Amino acid sequence: MHIHEIRADYDQKSIVVYQAYSPAIADPAVAAQRFVPPFSTNRMTWIKPSFLWMMERSNWGRKPGQERVLAVRITREGWETALSQAVLTSFERGVYRDRADWEAQIKHATVNVQWDPERTLTGASRDTRSIQVGLSRHIIHRFVDDWVTEITDLTPRVRKISDLRAQGRNDKASALLPKESSYPLPIDLARRLYRIA
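Thresholds applied
- Residues numbered from 1 in each chain as written.
- Predicted model: local features only at pLDDT ≥ 70, side-chain atom pairs only at ≥ 80, totals over all residues.
- Heavy atoms only, no water.
- Buried < 20%, exposed > 50% of the residue type's maximum accessible area, 1.4 Å probe, protein only.
- Helix = DSSP H or I, 4+ residues; strand = E, 2+ residues; numbered from the N terminus.
- Contact = heavy atoms within 4.5 Å.
- Core = buried A, V, L, I, M, F, W, Y, C linked by side-chain atoms within 4.5 Å.
- Pairing = 2+ DSSP bridges.
- Phe/Tyr/Trp six-rings, centres within 6.5 Å; stacked < 30°, edge-to-face > 60°.
- Polar contact = N/O pair within 3.5 Å; in protein donor to acceptor, adjacent residues only side chain to side chain.
- Axes fitted to C-alpha atoms, helices over the stretch in contact; angles between N-to-C directions.

A. Inspection of helix α2 (residues 51-58) at higher detail. Counting buried residues in α2 gives six out of eight residues, a clear majority hidden from the surface. Within α2, the full set of buried residues consists of Phe-51, Leu-52, Trp-53, Met-54, Met-55 and Ser-58. Against the buried residues of α2 lie β2 (14-21), β4 (68-75), β6 (111-119), β7 (125-135) and α6 (155-166). At the exit of α2 stands Asn-59, carrying a positive phi of roughly 55 degrees.

The structure is reproduced here in C-alpha cells:
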C-alpha cells in the first residue's frame with residue numbers, strides 16, 4: 001500500500017468529504033442542502049474524505065466553531081476536477097521539476113493539497129497519509145453550486161462514537177464508523193499529488 005492513500009466513502013458517482021462548522025453555518029446548510037450565508041465563498045474551505053482525520057482535527061466536534069460535523073456528498077467529477085488543479089502546499093521532489101516550478105504553481109493555485117498522518121480510532125498517527133483539499137475563493141462557487149449533492153449532520157453519530165471510545169468500547173465505536181475504502185485515483189491525478197516511484 002502506498003503511503004499516500006485516499007480512503008473514502010464513495011460510490012460510482014459521488015464521494016463523501018467531511019467538514020466541521022459552528023451551528024450558525026451548519027444549520028442553514030443542512031436545511032437548504034447547500035452552503036448558504038453565513039458560509040463564506042470569499043475564503044478557502046478545506047474538505048477531507050477521512051472521517052477519523054476530521055475527528056482528530058475537530059476533537060470529535062468539540063473545538064469552538066467546529067461543533068457540528070457534516071458529511072458533504074459531492075460528485076466524483078467535482079472531486080477529480082479539484083484534484084486536477086491541485087498544487088501541494090509544500091515542495092515535493094519528483095512531483096515538480098524544481099522548487100522554482102513549485103513556487104510558480106503555488107502562487108497561482110486555485111486548489112491546495114496537503115497530506116497529514118492518518119489517524120486511528122484512538123487518535124494515534126498511522127504510517128499512511130490522509131489528504132486535505134483546500135478550495136480557494138476562485139473555485140469554491142463550483143463546490144457550492146455544482147458539486148454538493150447532499151449535506152448530512154453527523155454530530156449525533158460523532159457524539160455516540162466519542163462516548164463509546166471514552167468508555168473503552170472501541171469495538172462498538174468502530175462499528176459506527178463510516179465505511180471507507182481506497183479511492184481509485186487516475187494516474188494523471190496521482191502524479192499531481194505525490195511522487196510515484
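Once the structure has been displayed, the description carries forward.
B. Region of interest: the nonpolar core. Membership of the largest hydrophobic core comes to 44 residues, with the highest contact counts inside it found for Phe-35, Ile-74, Trp-79, Leu-83, Val-133, Phe-143 and Leu-193. Of all the elements, helix α5 (residues 140-147) adds the most residues to this core, at four residues. Among residues more than four places away in sequence, those in contact with Ile-74 are Lys-13, Ser-14, Ile-15, Val-17, Ile-47, Trp-79, Phe-143, Trp-147, Val-148 and Thr-149. Membership of the second largest hydrophobic core comes to 17 residues, among which are Tyr-18, Leu-121, Ala-173 and Leu-177.

C. Main features of the pairing of β4. Across the eight residues that make up β4, a large majority, seven, are buried. Here β4 runs beside strand β8 (residues 148-153); their pairing, made up of five bridges, is antiparallel. Residue pairing for β8: Ala-71 is matched across the bridge by Thr-152.

D. Region of interest: the packing of aromatic side chains. Counted by the stated rule, this structure contains eight aromatic pairs. Centre to centre, the rings of Tyr-10 and Tyr-183 are 5.1 Å apart; their planes meet at 70 degrees, and the pair counts as edge-to-face. Placement of the pair is Tyr-10 in the loop between β1 (7-8) and β2 and Tyr-183 in the loop between β9 (181-182) and α8 (187-193), with a sequence separation of 173 residues. Residue Tyr-183 is classed as buried on the basis of its relative accessible area of 4%. With a centroid separation of 5.8 Å and an interplanar angle of 25 degrees, the aromatic rings of Phe-35 and Phe-143 are classed as stacked.

E. Structural detail: the side chain of Arg-119. Considering the arrangement of structural elements, one finds Arg-119 in strand β6. According to the relative accessible area criterion, Arg-119 is buried, its value standing at 18%. Reaching out from Arg-119, the side chain makes a polar contact with the backbone oxygen of Gly-123 at a distance of 3.1 Å. A polar atom in the side chain of Arg-119 sits 3.2 Å from the side chain of Ser-125.

F. Molecular detail of the sheet that holds strand β5 (residues 86-88). Across the sheet, four strands lie side by side as β3-β7-β6-β5; this open sheet has mixed pairing. Of all strands in the sheet, those bounded by a partner on one side alone are β3 (45-47) and β5. With strand direction ignored, the average angle separating the axes of adjacent strands in the sheet is 40 degrees. Helix α4 (residues 99-107) rests against β5 and β6 of the sheet, and its axis sits at about 130 degrees to β5.

G. Geometry of the sheet that holds β2. Taken in spatial order, the three strands line up as β2-β4-β8 in an open sheet, and their pairing is antiparallel. Looking along the sheet, the strands with just one partner apiece sit at the ends: β2 and β8. The sheet shows a mean angle of 25 degrees between the axes of neighbouring strands, taken without regard to direction.

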